[in-house]
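A structural walkthrough
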Amino acid sequence: MSEISGLQMARLPLHHGCGQIPALGFGTLIPDPAVTVTATRDALEAGFRHFDCAERYRNEREVGEALQAGIAAQGIERQDIFVTTKLWNSNHRPERVAPAFEASLDRLKLNYLDLYLIHTPFAFQPGDEQDPRDQNGNVLYDGGVTLLDTWRAMESLVDRGRCRAIGLSDITLNKLLPLYESARIKPAVVQVESHPYLPETELLEFCKKHGIVFLAFAPLGHGTRPGLLENPVISAIAVRVGITQAQALLAWAVQRGTALLTTPKTAARARENFEISPLPQDAFDEISRIQTRQRLNDVVNTGNPGFIPPKN
Ligand SMILES: NC(=O)c1ccc[n+]([C@@H]2O[C@H](COP(=O)([O-])OP(=O)(O)OC[C@H]3O[C@@H](n4cnc5c(N)ncnc54)[C@H](OP(=O)(O)O)[C@@H]3O)[C@@H](O)[C@H]2O)c1
């Protein structure tokens, strides 16, 4: 159970004694390298201690640089921060997993990871091209490797003490079930798009039942306008409670028992998104009753990353 009395400090337990994950996470999907550095430092300064990265974001070096500088400046210990990165689709072949992991770790300037995720369940043609396409522009998938093959290689990383926990991202319940059944080391975390327009209730219930942390990305609807941040229910609650729309959405996510990732790009927004407190029960229930349904990122269906500029 998370401690929701102080949402900023809320932590969720990871199974197998892998420690805890701070519920409030800072996401590093930021195309601009210079903004990556400043936003990561601002997030650390605001109080964020959970950082979500990916080799596909092509900015692990900048995140690593910002974390090192921030840690030194603030006298924070490595064990005080929780760092995740993700294995990209073109590295699903088992023999590619450990080298991809070590390369990420090197770019992040770390000597272990708290959490390593399979970024999507879709294997692309193995190689260094992250977006392999045929001459017609169609993605080249890899039929020669299963998700379980990749998972076994992830398990070896835990066995060797290279990362504390492993999990999956952009996965549906249908794909999670067989993997969960066959896994020797069960997934500790599942990262998917989730917000009031995409509550993913069935997946969340499964995760809660099996002690898997449900980690929501796009809790603000990716900042899309018009969108969640302008929803009349959210706006009315923000006025009534005396908070911002973003704070209402983030508090709702933590109060329903999920961890979340948000990407404020300025120091003021980092403080705003970190300084959240519990919503009154009636406000929480009103948000839960919103009926609009919208998926913003189609990655879960194709393995093609949404929100990432095609070539950067
Ligand atoms: N596993 C996956 O496939 C996957 C996919 C997508 C994302 N993610 C992860 O999830 C993280 C978060 O995703 P997200 O970027 O969609 O999160 P989000 O927090 O829902 O949306 C971020 C956008 O919201 C705006 N914003 C942030 N704070 C705000 C505030 N207080 N008030 C108003 N607008 C605000 C920002 O707009 P401005 O640009 O105007 O500042 C920002 O671009 C990513 O960085 C990444 O780590 C994972």
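Let me begin by describing the structure that accompanies this report. (Residues numbered from 1 in each chain as written. Predicted model: local features only at pLDDT ≥ 70, side-chain atom pairs only at ≥ 80, totals over all residues. Heavy atoms only, no water.)

1. Some points on the pairing of strand β6 (residues 113-118)
Our working definition: For every residue, the accessible area obtained with a 1.4 Å probe (protein chains only) is divided by the maximum for its type, and the residue is called buried under 20%, exposed over 50%, and partly exposed between those limits. In this text, helices come from DSSP runs of H or I with a minimum length of four residues, and strands from runs of E with a minimum of two, each type numbered from the N-terminal end. We treat two strands as partners when DSSP finds at least two bridges between them. Throughout, right-handed denotes a crossover for which the path from the first strand over the helix to the second runs clockwise when the strands point away from the viewer.
Among the six residues of β6, six are classified as buried, and the element is accordingly described as predominantly covered. Where strand β5 (residues 82-87) and β6 come together, four bridges link them in parallel fashion. Paired with T85 across the bridge in β6 is Y116. The β-α-β motif built from β5, the intervening helix α3 (residues 94-108) and the parallel element β6 has right-handed crossover chirality. In the sheet, β6 pairs with strand β7 (residues 163-169) via five bridges, with the strands oriented parallel. Note on β7: the bridge partner recorded for L113 is C163.

2. Overview of the site of the ligand
Keep this limit in mind: Here a residue is considered near a molecule or strand provided that any single heavy atom belonging to it is located within 4 Å of it. Identification of polar contacts relies on pairs of N or O atoms within 3.5 Å, with a donor-acceptor requirement for protein atoms, meaning one able to donate a hydrogen and the other able to accept it, and with residues adjacent in sequence counted only if both atoms are side-chain atoms. In short, Shrake-Rupley with a 1.4 Å probe defines the accessible areas, and a residue's cover is counted only from the protein chains shown.
Taken together, 29 residues surround the ligand, and among them D52, D170, H222, T263 and K265 come closest. Between the ligand and T263 there is a distance of 2.6 Å, counted from an oxygen atom to a side-chain nitrogen or oxygen. Note that an oxygen atom of the ligand is positioned 2.9 Å from one of the side-chain N or O atoms of R269. Notes on the ligand: free accessible area 910 Å², of which the protein chains cover 88%.

3. Things to note about unusual backbone geometry
Geometrically, the link from R225 to P226 is a cis peptide bond, its omega value of -5 degrees lying close to zero. Considering the arrangement of structural elements, one finds P226 in the loop between β9 (213-217) and α7 (232-241). The phi dihedral of D170 is positive, around 50 degrees, even though this residue is not glycine. Following the sequence through the fold, D170 ends up in the loop between β7 and α5 (173-182).

4. Here we look at the environment of A246
Mapped onto the elements, A246 comes out in helix α8 (residues 245-255). Taking the C-alpha atoms as reference, A246 lies 24 Å from V299; in sequence the two are 53 residues apart.

5. Details of helix α10 (residues 281-288)
Filter applied, for reference: Arc definition: directions from the helix axis to the C-beta atoms. Whether two residues are in contact is decided by their heavy atoms, any of which lying within 4.5 Å being enough.
Along α10, the positions that sit buried rather than exposed are A283, F284 and I287. All buried residues of α10 fall inside an arc of 100 degrees around its axis, so they share one side. For α10, the secondary structure elements touched by its buried residues are α7 and α8.

6. With respect to the nonpolar core
To keep things clear, this is the line we draw: Buried residues of nine kinds, namely Ala, Val, Leu, Ile, Met, Phe, Trp, Tyr and Cys, make up a nonpolar core once their side-chain atoms join them within 4.5 Å.
Core analysis: the biggest nonpolar cluster contains 76 residues, and L113 and Y116 have the highest contact counts within it. By residue number, the principal contributor to this core is α8, which donates eight residues. Counting 16 residues, the second largest nonpolar core, distinct from the first, contains A165, A188, F217 and L261.

7. Some thoughts on the pattern of salt bridges
Rules: Every case where a carboxyl oxygen of Asp or Glu lies within 4 Å of a side-chain nitrogen of Lys or Arg is listed as a salt bridge.
Evaluated as defined, the whole model comprises 14 salt bridges. Across the salt bridge formed by D142 and R93, the nearest N and O atoms sit 2.8 Å from each other. In this pair, D142 sits in the loop between β6 and α4 (147-159) while R93 sits in the loop between β5 and α3, placing the two residues 49 residues apart along the sequence. One salt bridge in this structure joins R240 and D282, with 3.7 Å as the shortest N-O distance. Of this pair, R240 sits in helix α7 while D282 sits in helix α10, and the two are 42 residues apart along the sequence. The partly exposed category is assigned to R240, whose relative accessible area is 46%. According to the relative accessible area criterion, D282 is partly exposed, its value standing at 44%.

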